[in-house]
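Each chain, written out:
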Amino acid sequence: MKMEDSKTRILKAAIEEFSEKGYSSASTNSIHKKAGVSKGAVFANYNSKAELFYRAFEHCTDLTISEYRKHDFGKIHDLFERLIAITLWKLDFFSKNPGIYRVIQLAISESPPEIKEQVNDDLKKFLEISGDLFFSELDASRFSEEYTEEEARFFFKIALAGLQSHYLRQGVTLEDFQENKEMGLKFLKTVLKGMEK
């Protein structure tokens, strides 16, 4: 079995520490102990706590996108069936990887000033990648002339993100969501119908 290198161990320890304590309260002392390396090794690989947080966030988004791309959701042509499949996948993935979800959420709410712009750029790309597949075959002709295609996508993305965040914040399991998915589906249909002709 291949041993993890020190950089990988530091990154995993950082994700655990940041996800448990948030950026401000996270300690590089705890990170180096969890990783089983010296404190000097942490700063030999990462110049600062902020850079370590950024690399942890980058690792989390890369892993999420990599796993997401393993599923061909584009084969599901019905808009709401695709929505359910993607939402169930995200809930399953993040419930199994709560540290990843927490670090991404922290990047949105608690990024230190020196990396905030870089994090915002990466978050924009992350959201674009995760949203592109869902909206790849969206029929814009169904929407009222009051809404541009960009606005329709934007409003629907907000509704989708809000729904997922609501369930994840409450610690809803995949099984819970499957039992209650009709309510979530009704909410999203309401948003969509509000924009239709």
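Per chain, the residues get numbers from 1 upward, laid out in the order the sequence is written. Selection of residues for local features in this predicted model requires a pLDDT of at least 70, selection of side-chain atom pairs for listing and counting requires 80 or more, and totals for whole chains, interfaces and linings are taken over all residues. Calculated side-chain values reflect all of the structure's heavy atoms, with hydrogen atoms and water omitted.

Asker: Run through a nonpolar patch on the surface, naming residues and quoting values.
Answerer: Residues qualify for a patch when their relative accessible area is over 30% and they have no salt bridge, like charges being joined within 9 Å and the nonpolar side chains of Val, Leu, Ile, Met, Phe, Trp and Tyr within 5 Å. For every accessible area listed, the method is Shrake-Rupley and the probe measures 1.4 Å; residues are considered covered only by the protein chains on display. The term salt bridge refers to a side-chain nitrogen of Lys or Arg lying within 4 Å of a carboxyl oxygen of Asp or Glu. On the surface, F154, F155 and I158 cluster together to form a nonpolar patch covering roughly 290 Å² of accessible area. Only DSSP runs of H or I with at least four residues qualify as helices, and only runs of E with at least two residues qualify as strands; both kinds are numbered from the N terminus onward. Locating F155 in the fold gives a position in helix α8 (residues 149–169). Residue classification places F155 among the partly exposed positions, given a relative accessible area of 35%. Between buried and exposed lies partly exposed: a residue is buried under 20% and exposed over 50% of the maximum accessible area for its type, with that area taken using a 1.4 Å probe on protein chains only.

Asker: Give a description of the packing of aromatic side chains that names residues and reports values.
Answerer: Classification of ring pairs rests on two measures: the distance between centres of Phe, Tyr or Trp rings, Trp counted by its six-membered ring, which must be within 6.5 Å, and the angle between planes, read as stacked under 30 degrees, edge-to-face over 60 and tilted in between. Counted by the stated rule, this structure contains nine aromatic pairs. Centroid distance Y54 to F57: 6.3 Å. Interplanar angle 50°. Geometry classified as tilted. Taken as a pair, Y54 and F57 lie in helix α4 (residues 49–68) at a separation of three residues, close to a single helical turn. Using a relative accessible area of 5% as the deciding quantity, one classes Y54 as buried. Given the relative accessible area of 0%, F57 is considered buried. Cluster of aromatic residues (ring-pair linked, three or more members): Y68, W89, F93, F94 and Y101. Geometrically, a lysine NZ or arginine CZ counts as sitting over a ring once it is within 6 Å of the ring centre and also within 35 degrees of the ring normal. Cation over ring: K49 sits above Y23, and NZ or CZ is 4.7 Å from the ring centre.

Asker: Give me helix α6 (residues 98–110): which residues, what numbers.
Answerer: Here α6 is 13 residues long and its end C-alpha atoms lie 17 Å apart, about the 18 Å a rise of 1.5 Å per residue gives. Among the residues of α6, G99, I100, Y101, V103, I104, L106 and A107 are the ones counted as buried. The span you would expect from a helix comes to 1.5 Å times its residue count less one.

Asker: Residues and numbers for the nonpolar core, please.
Answerer: Nonpolar cores are built from buried Ala, Val, Leu, Ile, Met, Phe, Trp, Tyr and Cys residues. Side-chain atoms within 4.5 Å join them into one set. Counting 38 residues, the largest nonpolar core has I10, F18, L52 and F53 as its most contacted members. Residue assignment for this core shows that the elements contributing at least two residues are α1 (6–25), α2 (28–35), α3 (39–45), α4, α5 (79–96), α6 and α7 (113–134). Broken down by element, this core gets its largest block of residues, nine residues, from α4. In contact with F53, other than residues within four places in its own chain, are F18, Y23, V103, L106, A107, S111, P112 and I115. Any pair of residues with heavy atoms lying within 4.5 Å of one another is described as a contacting pair.

Asker: I'd like a rundown of the pattern of salt bridges, residues and numbers included.
Answerer: In this structure the tally under the stated criterion is eight salt bridges. The salt bridge involving K34 is made with E17; its shortest N-O contact spans 2.8 Å. Highlighted residues: K34 in helix α2 and E17 in helix α1, separated in sequence by 17 residues. Among the salt bridges present, the one from R55 reaches E58, with a minimum N-O distance of 2.8 Å. Separated by three residues within a single helix, R55 and E58 lie in helix α4, roughly one turn from each other. Owing to a relative accessible area of 23%, E58 belongs among the partly exposed residues under this scheme. Because the salt bridges share partners, they merge into one network encompassing E16, E17, E20, K21 and K34.

Asker: Give me the packing of α4 against α6: which residues, what numbers.
Answerer: Axis lines are fitted through C-alpha atoms, for helices just across the contact stretch, and the angle between N-to-C directions can take any value from 0 to 180 degrees. At a minimum axis distance of 9 Å, the contact between α4 and α6 shows a crossing angle of 125°. Classified by the angle between their axes, α4 and α6 sit oblique to one another. Between α4 and α6 the crossing geometry is left-handed. Residues F53, A56, F57, C60, T61, L63 and T64 of α4 lie in contact with α6, whose contacting residues are I100, V103, I104, L106 and A107. Under the grouping applied here, Gly and all other residues not named as nonpolar or charged are polar, the nonpolar ones being Ala, Val, Leu, Ile, Met, Phe, Trp, Tyr, Cys and Pro and the charged ones Asp, Glu, Lys and Arg. Within the contact of α4 with α6, the residues separate by chemical class into 10 nonpolar, two polar and no charged. Each angle receives one of four descriptions, namely roughly parallel if under 35 degrees, roughly antiparallel if over 145, roughly perpendicular if within 65 to 115, and oblique otherwise. Each helix crossing is assigned a hand: it is left-handed if the near helix lies turned anticlockwise from the far helix by less than a right angle, otherwise right-handed if that turn is clockwise.

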